[in-house]
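Listed below, chain by chain, are the residues.
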Amino acid sequence: MFEGLRRCDDGYARWCGLSITDRHGRAQHLQQKGDLRRLVRSFDCGPFFGRTAIGFLAELPNQATCVECHWDKAATAVIIGNMSAPSSSRLRLECLGHTFRSNSSAELTCALLGHYCKRHESVKTAIDAMLAELSGKFALIVLHEREPGTLYCLHHGEPLAIGIGIGEHGVSARAESLLQITDRFVWLEEHDTARIRADAFQVWDASGEEVKRDIVNYVPGLGRSNSNGSHSPCL
């Protein structure tokens, strides 16, 4: 994880963080203001346990592609890009008793996901329902306690690549951040949703049909990247 973040780090990240879950879905979180070295030092003070993690580098606020992260008791959400939801979504959740601590899209995403997870048994079904309220150009990565060891990711305008390793998979907006585990990748297509575990992954297209995407080998300089070249999470 840290090696992947180092590959993305140019020393200008404003925030960096890490969420780790164990096999029971229990999560531990770290967030540091400043460079990646502070996060590594905090992690070394541990202890931290788990095999599924999300790491992120949040960029300077004047860059075109932003990164947001939020976690609550049940979920962690990372957003790359610019995602929005109608004000009615926030108002509805507030009427149901939810208290927001910020105006961030990532916090709203966690709240919406929690709302729909109460109505649906499957996290995938809850995410599909939540998507009807989201708009913009973004990529979304979600880790939820209901499915330990599983990452969900969505491609809506911002690129995402799944790294296919041996006994471990990962997902990132920059393929080079996963080269420590693999040089084989699946690039998600527009409006794809993927479920990723250590030894397997599934992809659904915009219609909800399960699909197979081509596995390609990494070629330096030819991978897809964010339109402004900004750094994004490695997972």
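### Focus: the sheet that holds strand S4 (residues 67–71)
- Strand order in the open sheet formed by 7 strands is S4-S5-S6-S7-S11-S12-S13, with antiparallel pairing between adjacent strands. At either margin of the open sheet sits one strand with a lone partner, and together these are S4 and strand S13 (210–211).
- Note that strand S7 (residues 151–156) and strand S11 (residues 193–196) share 4 bridges and pair antiparallel. Across the sheet, Leu154 pairs through a bridge with Thr193, a residue of S11.
- Strand contacts of helix H4 (residues 105–117): S4, strand S5 (75–84) and strand S6 (135–144), with the helix running at about 125° to S5, the strand carrying the most contacts.
- Each of S6, S7, S11 and strand S12 (201–204) is contacted by helix H5 (residues 123–131), which is oriented at about 25° to S7, the strand it contacts most.

### Digging into unusual backbone geometry
- The backbone of His191 shows a phi angle near 70°, a positive value even though the residue is not glycine.
- Counting through the fold element by element, His191 comes out in the loop between strand S10 (184–187) and S11.
- Classification of His191 as partly exposed rests on a relative accessible area of 36%.

### A few points about the side chain of Glu133
- Within the secondary structure, Glu133 is located in the loop between H5 and S6.
- One polar contact links Glu133 to Ser89, side chain to side chain, over a distance of 2.4 Å.
- Each residue touching Glu133, except ones within four places of it in the same chain, is listed here: Ser84, Ala85, Pro86, Ser89, Arg92, Leu112 and Tyr116.

### Observations regarding the environment of Phe43
- Note on placement: Phe43 falls in helix H2 (residues 36–44).
- With a relative accessible area of 25%, Phe43 lands in the partly exposed category.
- For Phe43 and Ala126, which are 83 residues apart along the polypeptide, the C-alpha to C-alpha distance reads 32 Å.
- Dropping the residues within four chain positions of it, Phe43 is found in contact with Phe2, Leu18, Ile20, Leu30 and Phe48.

### Remarks on the nonpolar core
- Core analysis: the biggest nonpolar cluster contains 25 residues, and Leu112, Leu113, Ile127, Met130, Leu134, Phe138 and Leu140 have the highest contact counts within it.
- Looking at this core, the element that brings in the most residues is H4, giving 8 residues.
- Residues in contact with Leu112, not counting those within four places in the same chain, are Ser89, Arg92, Leu93, Met130, Glu133 and Leu134.
- Ranked by size, the runner-up nonpolar core spans 23 residues in total, among them Val67, Ile80, Cys153 and Ala173.

Calculation notes
Residues numbered from 1 in each chain as written. Predicted model: local features only at pLDDT ≥ 70, side-chain atom pairs only at ≥ 80, totals over all residues. Heavy atoms only, no water. Pairing = 2+ DSSP bridges. Helix = DSSP H or I, 4+ residues; strand = E, 2+ residues; numbered from the N terminus. Contact = heavy atoms within 4.5 Å. Axes fitted to C-alpha atoms, helices over the stretch in contact; angles between N-to-C directions. Buried < 20%, exposed > 50% of the residue type's maximum accessible area, 1.4 Å probe, protein only. Polar contact = N/O pair within 3.5 Å; in protein donor to acceptor, adjacent residues only side chain to side chain. Core = buried A, V, L, I, M, F, W, Y, C linked by side-chain atoms within 4.5 Å.

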